[in-house]
Amino acid sequence: MEFTIELYFVTDYVGYFILGYYLSHYEIQPRMRILAYIGLIVGLVGTYLLTYFYTVKADGSLSQFWYDYFSPNVLLVSIGFFVLFRYNSNTWKLPSLFSEVNKASFGIYIIHFWLLNHYLWRIFPKVNESFNPLIAIPLNILITFILSVMIIAILRRIPIIKKLVP
């Protein structure tokens, strides 16, 4: 009898868990927040430009590396959005919406990966073929985010399951 433990599913995202813990438990100085916001913009623009450049270089075959979770630009966007929501959600006109997204963020984070691997990989090629990357990429992000929020909102309303859903 052989006993093995597959750690890939746990260790693959451990950096994001540690980063999220750090960003949520330690005060981020205003200067560092500005750097995070600049990183957010650089990451978003970089995603568009680098994806476009490498897609053209591959004769029109979509290069998805630049919006995979391990790319440096996605890391910058993740940090920027986290800091943006942490420090600004109470000053915006829709604090309850951001507050609800904030409370459900861990569940959204978990469910989005499941969605991407089980369902959205079928939808994204159709979106990518139908639109310019400048529209397709934000549309893919929006589809993933809205579906993730909806699923978590539904799961949080089911009496027994809501205790298990972050």
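Focus: the nonpolar core
Point 1. Core analysis: the largest hydrophobic core is formed by six residues, namely V101, A104, I108, I111, I152 and V165.
Point 2. Apart from residues no more than four positions distant in its own chain, I108 is found in contact with V101, S148, V149 and I152.

Regarding the packing of aromatic side chains
Point 1. Evaluation of the coordinates by the stated rule reveals seven aromatic pairs.
Point 2. Between the aromatic rings of F53 and Y54, the centroid separation amounts to 5.0 Å while the plane-to-plane angle is 90°, which identifies the pairing as edge-to-face.
Point 3. Of the residues examined, Y54 reaches a relative accessible area of 31% and is grouped as partly exposed.
Point 4. Every member of this aromatic cluster is reached through a ring pair, and the members are F53, Y54, F65, W66 and F70.

Section: the side chain of S71
Point 1. Here S71 is to be found in the loop between α3 (30-57) and α4 (72-88).
Point 2. Look at S71 and you get buried, because its relative accessible area is 0%.
Point 3. There is a polar contact of 3.0 Å between the side chain of S71 and the backbone oxygen of D68.
Point 4. At 3.0 Å, the side chain of S71 forms a polar contact with the side chain of N73.
Point 5. Here S71 is in contact with F65 and W66, once residues within four sequence places are set aside.

Some thoughts on the confidence of the model for the protein chain
Close inspection of predicted coordinates is inappropriate for parts of the model with low pLDDT.
Point 1. On average, residues of the protein chain score 82 in pLDDT, and 86% of them reach the 70 mark or higher.
Point 2. Mean pLDDT per element in the protein chain: helix α1 (residues 8-11) is the minimum at 54, and α3 is the maximum at 93.

Some details on the pattern of salt bridges
Pairs can form between side chains of opposite charge whenever their charged atoms are close.
Point 1. Tallied over the full model, the rule gives one salt bridge.
Point 2. Measuring nitrogen to oxygen at the nearest pair gives 3.0 Å for the salt bridge that ties R33 to E27.

Description of helix α2 (residues 14-25)
Point 1. With twelve residues, α2 extends 17 Å between its outermost C-alpha atoms, agreeing within 8% with the 16 Å of an ideal straight helix rising 1.5 Å per residue.
Point 2. Lining the buried residues of α2 we find α4 and α6 (105-130).

Digging into the packing of α3 against helix α7 (residues 133-155)
Point 1. With their axes 10 Å apart at the nearest point, α3 and α7 run at an angle of 125° to one another. Between α3 and α7, the interaxial angle falls into the category oblique. Along this stretch, α3 crosses α7, giving a crossing that reads as right-handed. Facing T47, Y48 and T51 of α3, the residues of α7 in contact are P133, L134, I137 and P138.
Point 2. Residue composition of the contact of α3 with α7, grouped by class: five nonpolar, two polar and no charged.

Parameters at a glance
- Residues numbered from 1 in each chain as written.
- Predicted model: local features only at pLDDT ≥ 70, side-chain atom pairs only at ≥ 80, totals over all residues.
- Heavy atoms only, no water.
- Core = buried A, V, L, I, M, F, W, Y, C linked by side-chain atoms within 4.5 Å.
- Buried < 20%, exposed > 50% of the residue type's maximum accessible area, 1.4 Å probe, protein only.
- Contact = heavy atoms within 4.5 Å.
- Phe/Tyr/Trp six-rings, centres within 6.5 Å; stacked < 30°, edge-to-face > 60°.
- Helix = DSSP H or I, 4+ residues; strand = E, 2+ residues; numbered from the N terminus.
- Polar contact = N/O pair within 3.5 Å; in protein donor to acceptor, adjacent residues only side chain to side chain.
- pLDDT = per-residue confidence, 0-100.
- Salt bridge = Lys/Arg side-chain N within 4 Å of Asp/Glu carboxyl O.
- Expected span 1.5 Å × (residues − 1).
- Axes fitted to C-alpha atoms, helices over the stretch in contact; angles between N-to-C directions.
- Parallel < 35°, antiparallel > 145°, perpendicular 65-115°, else oblique.
- Left-handed = near helix turned anticlockwise from the far one by under 90°.
- Nonpolar A, V, L, I, M, F, W, Y, C, P; charged D, E, K, R; others polar.

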